[in-house]
Amino acid sequence: MRMHRLRGWALAAALLSGAAHAAPLTHAQALAALNRAETASRLAGVDRLAQIGSMADAARLLDRLRDSDAQVRELASLALWRIWSRSGDPAIDRLFASGLEQMGAAAFDEALATFDEVVRRKPAFAEGWNKRATLYFMLGQLQKSLLDCDEVLKRNPHHFGALSGAGQIHLQLGNLRSALEYFRRAVDANPNLEGPAQMIPLLEERLRDDPNRT
């Protein structure tokens, strides 16, 4: 649910600079590269799918979140966010980009109207719901944000951003068991999430000490 703080595709460019003059991988080649023994090949496959991949490729990238190499894991996370942010409809993608710009400019009312239109016109687009959930969270409208997180997860059950966000909301509402459940699901989807991973043992301890706590 939170806005993902991209640390930059400059990292990918630097890692893959040696292949800068090679022909771009085809879709099939990118998928095959994900399982190669060479780290550089896996990085190249992840990078290419970030550029051309679709939701059908997301499951393969989720596997790379458990890669033995930390750079592959980080780039797989970034690639998933890029794929999730493509609706498949150029007009919706332009509207979505406009909403992101409005959020970045703190024009929250305008952004909310934009994402209302995104989810109205393309309800199957999970990331439209996710960005509106983020806005509601920023505006303190937690129940509305939680409802939109549920809509995200109906369409993209492995959306670790929405899972983590729902956990944060339940934590703020004092629903510790629900917060723990969502944080566990978030870490199960993406083991590299530091915040939820740190919260899990704290919540487990709190609930052991107070087993009647909801």
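**A look at the pattern of salt bridges**
One pass over the structure, following the stated rule, counts nine salt bridges. A salt bridge links Asp-67 to Arg-64, with the nearest nitrogen and oxygen atoms 2.5 Å apart. Taking relative accessible area as the criterion, Asp-67 reaches 4% and is therefore assigned buried. Judged by its relative accessible area of 15%, Arg-64 is buried. The residue Glu-117 makes a salt bridge to Arg-120 at a minimum N-O spacing of 2.7 Å. Taken together, the positions of Glu-117 and Arg-120, both in helix α7 (residues 108–121) and three residues apart, correspond to about one turn of that helix. Taking the relative accessible area as the measure of exposure, Arg-120 reaches 58% and is therefore exposed. Within this structure, Arg-42, Arg-64 and Asp-67 form a network of salt bridges that share partners.

**Concerning the packing of helix α6 (residues 90–104) against α7**
Running from amino to carboxyl end, α6 crosses α7 at an angle of 160 degrees, the nearest separation of the two axes being 8 Å. Classified by the interaxial angle, the pair formed by α6 and α7 is roughly antiparallel. Judged by the sense of rotation from one axis to the other, the crossing of α6 with α7 is left-handed. Of the residues in α7, those in contact with Ala-91, Ile-92, Leu-95, Phe-96, Gly-99, Leu-100, Gln-102 and Met-103 of α6 are Phe-108, Glu-110, Ala-111, Thr-114, Phe-115, Glu-117, Val-118 and Arg-121. Taken together, the residues that form the contact of α6 with α7 break down as ten nonpolar, three polar and three charged.

**Some words on α6**
Here α6 contains 15 residues, and its C-alpha end-to-end distance of 21 Å stays within 8% of the 21 Å for a straight helix at 1.5 Å per residue. The inward-facing, buried residues of α6 contact α7 and α8 (126–138). Where α6 begins, one side-chain oxygen reaches toward the backbone nitrogen of Ala-91, 2.9 Å away; that side chain belongs to Asp-89. Immediately beyond the C-terminal end of α6, within one or two residues, lies Ala-106, with a positive phi of roughly 60 degrees.

**So, the nonpolar core**
Among the nonpolar cores identified, the biggest contains 39 residues, and Val-46, Leu-61, Leu-80 and Phe-160 are the most heavily contacted of them. When residues of this core are traced back to their parent elements, those giving at least two are α2 (27–33), α3 (39–52), α4 (58–64), α5 (70–84), α8, α9 (142–155), α10 (160–173) and α11 (176–189). Counting residues per element, this core draws most heavily on α5, which supplies nine residues. With near-sequence residues (within four places) excluded, Phe-160 lies in contact with Leu-65, Ser-77, Leu-80, Trp-81, Trp-84, Ala-186, Ala-189, Asn-190 and Leu-193. Grouped together as the second largest cluster of nonpolar side chains are ten residues, Phe-96, Phe-115, Leu-135 and Tyr-136 included.

The rules behind each value
Residues numbered from 1 in each chain as written. Predicted model: local features only at pLDDT ≥ 70, side-chain atom pairs only at ≥ 80, totals over all residues. Heavy atoms only, no water. Salt bridge = Lys/Arg side-chain N within 4 Å of Asp/Glu carboxyl O. Buried < 20%, exposed > 50% of the residue type's maximum accessible area, 1.4 Å probe, protein only. Helix = DSSP H or I, 4+ residues; strand = E, 2+ residues; numbered from the N terminus. Axes fitted to C-alpha atoms, helices over the stretch in contact; angles between N-to-C directions. Parallel < 35°, antiparallel > 145°, perpendicular 65-115°, else oblique. Left-handed = near helix turned anticlockwise from the far one by under 90°. Contact = heavy atoms within 4.5 Å. Nonpolar A, V, L, I, M, F, W, Y, C, P; charged D, E, K, R; others polar. Expected span 1.5 Å × (residues − 1). Polar contact = N/O pair within 3.5 Å; in protein donor to acceptor, adjacent residues only side chain to side chain. Core = buried A, V, L, I, M, F, W, Y, C linked by side-chain atoms within 4.5 Å.

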